Amino acid sequence: MTVKDVFDLRKQGKIEEAYEAIRPMYAVHQGKYTTLCMFWTANDILKKRIKEQCFDEAEKIFKALLRILPNIEDNDGKAHSSIYHLAVTLDREKKDFSMLDFVAQLKVDQLSDEDWKAITVPASEGASSHPVPSTAQQMLTCAFHEIQDKPTADNALKVMPLLEEAVRRRPRDKNNQRYMAVVYRIMGEQEKAVAIYRQLLKLHHDSYLYAELAELTDDEGQKAALLCGAIKNQRQEKFKANYRSALARLLLDRDRPKAAFELQACIATRKAQGFNLTREIQQMQQQLQGVTPSTSAEQQTFYRRMMEKYPV
């Protein structure tokens, strides 16, 4: 069997057969076309293994593809683009896959304009058309999910080349600006992070922007106002629980009825989601025992007044 025969098998959709045929050929000869065939047949198998949920094998093949990649001619950039797409897919499907480790090895100058191009998924039955971020932007987002779990300087440095390129290409992008603020915070440059959040909040009112700025704020009145903004601008109750517990903590010694309202709402949400109460929530619950919570109307008025008193 020749390399051409293997490519023919691949074209016929005989993915497993093509993969098994090329492996012994590649083991003894890594020529231009043998290597290219090995890459694309392994690429096919990797996608198939992901669909089969064989994630450990999929990651092993992915690492093998990374070793092969420098040895193939990729004038049109399709091989590299395929690797980036597979990295995003693996990150989404395999919990212990590290996009940060992948990004740390990434040569940003190899990303093409196509890799940075967002696409619009056309409308289909029951669904309208919607934009999808570029593959490069998705890699950046995946990396920052890891950084939020492990906000260390080393992790921030791993992502910086990709982030800097993202900011160069889309300097006003909300997510890119937010990621830069996260990096500044990790690096101890708090004033720069605060400045970015304040600028973002002039244009956007996402609840997480208020909450993240609140974490950087020492003034307790301003912090409470930002948490009020986070609660007010979050439509889904399940995402308000952490904001409510933080606000209850701030109000505990200042306005017990309002603290009780926030704590009561937080506890109700956690119970509805099947989450246990943290030790801190239990302690606040004991401290507020017997306190009559504010009414919802009173709390809404409180949010409005706090946000007016402490504008961003």
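For the structure, check the block above.
Along each chain, residue indices are assigned from 1 in the same order as the chain's sequence is written. Given that the model is predicted, a residue must reach a pLDDT of at least 70 before its local features are reported, and side-chain atom pairs must reach 80 or more before they are shown or counted; all residues, however, enter totals for whole chains, interfaces and linings. By convention in this description, side-chain values take in all heavy atoms of the structure and omit both hydrogens and water.

(A) How the structure looks around the overall build of the chain. Labels follow the DSSP assignment, with helices taken as runs of H or I lasting at least four residues and strands as runs of E lasting at least two, numbered in each case from the N terminus. Tallying secondary structure elements over the chain gives 16 helices and 2 strands in all. Based on C-alpha atoms, the radius of gyration is set beside the globule rule, defined as 2.2 Å times the residue count to the power 0.38. A compact globule built from 312 residues should have a C-alpha radius of gyration of about 20 Å, whereas the chain, at 25 Å, is more than 25% larger. To sort residues, take the accessible area from a 1.4 Å probe on protein chains only and compare it with the maximum for the residue type: under 20% means buried, over 50% means exposed, and anything in between is partly exposed. Every one of the 312 residues in the chain was classed for burial, and the buried ones make up 46%. Pairs of residues are marked as contacts when any of their non-hydrogen atoms sit within 4.5 Å. For the chain, the proportion of contacts with a sequence separation of at least 24, taken over those separated by at least 6, is 56%. In the chain, 47 positive and 43 negative side-chain charges are present, and the distance between their average locations comes to 4 Å. Here the positive residues are Lys and Arg and the negative ones are Asp and Glu; neither His nor the chain ends is included. Note on charges: their place is set at NZ of Lys, CZ of Arg, CG of Asp or CD of Glu.

(B) Fine view of the packing of helix 5 (residues 78-93) against helix 7 (residues 135-149). Structural elements are reduced to axes, namely lines fitted to C-alpha atoms, with helices fitted over the stretch in contact, and the angle between N-to-C directions of any two is expressed from 0 to 180 degrees. Two elements in contact, helix 5 and helix 7, have axes whose closest approach is 9 Å; the angle formed by their N-to-C orientations is 35 degrees. For the pair helix 5 and helix 7, the sense of crossing is left-handed. Counted together, Y84, H85, V88, D91 and R92 of helix 5 and T135, Q138, M139, C142 and E146 of helix 7 form the full contact between these two elements. Just so you know the grouping, Ala, Val, Leu, Ile, Met, Phe, Trp, Tyr, Cys and Pro go in nonpolar, Asp, Glu, Lys and Arg go in charged, and all remaining residues, Gly too, go in polar. Grouping the constituent residues of the contact of helix 5 with helix 7 by class yields 4 nonpolar, 3 polar and 3 charged. Definitions for this section: a left-handed crossing has its near helix turned counterclockwise from the far helix by less than a right angle. A right-handed crossing has that turn clockwise.

(C) Structural detail: the layout of surface pockets. Taken as a whole, the largest pocket holds about 390 Å³ of empty space. What lines the largest pocket is a set of 15 residues, and nearest its centre among them are A211, F239, A241, N242 and Y243. Elements with a minimum of two residues in the lining of the largest pocket: helix 11 (207-215) and helix 13 (241-251). Of all the elements, helix 11 adds the most residues to the lining of the largest pocket, at 5 residues. When the residues that make up the lining of the largest pocket are grouped by side-chain class, the tally is 9 nonpolar, 2 polar and 4 charged. A pocket here means an open set of points on a 1 Å grid, computed over the protein atoms alone, that has protein on both sides within 12 Å along at least five of seven lines. A cavity is instead a set of points where a 1.4 Å probe fits but cannot get out; residues with an atom within 4 Å of a point line either one. Grid points are joined across faces, edges and corners, and a volume is the space filled by probe spheres set on the points.

(D) Quick peek at unusual backbone geometry. The backbone of Q53 sits at a positive phi, close to 65 degrees, despite the residue not being glycine. Here Q53 lies in the loop between helix 3 (32-51) and helix 4 (55-68). Given a relative accessible area of 60%, Q53 falls into the exposed group.

These values are about where atoms sit, not about what they do.
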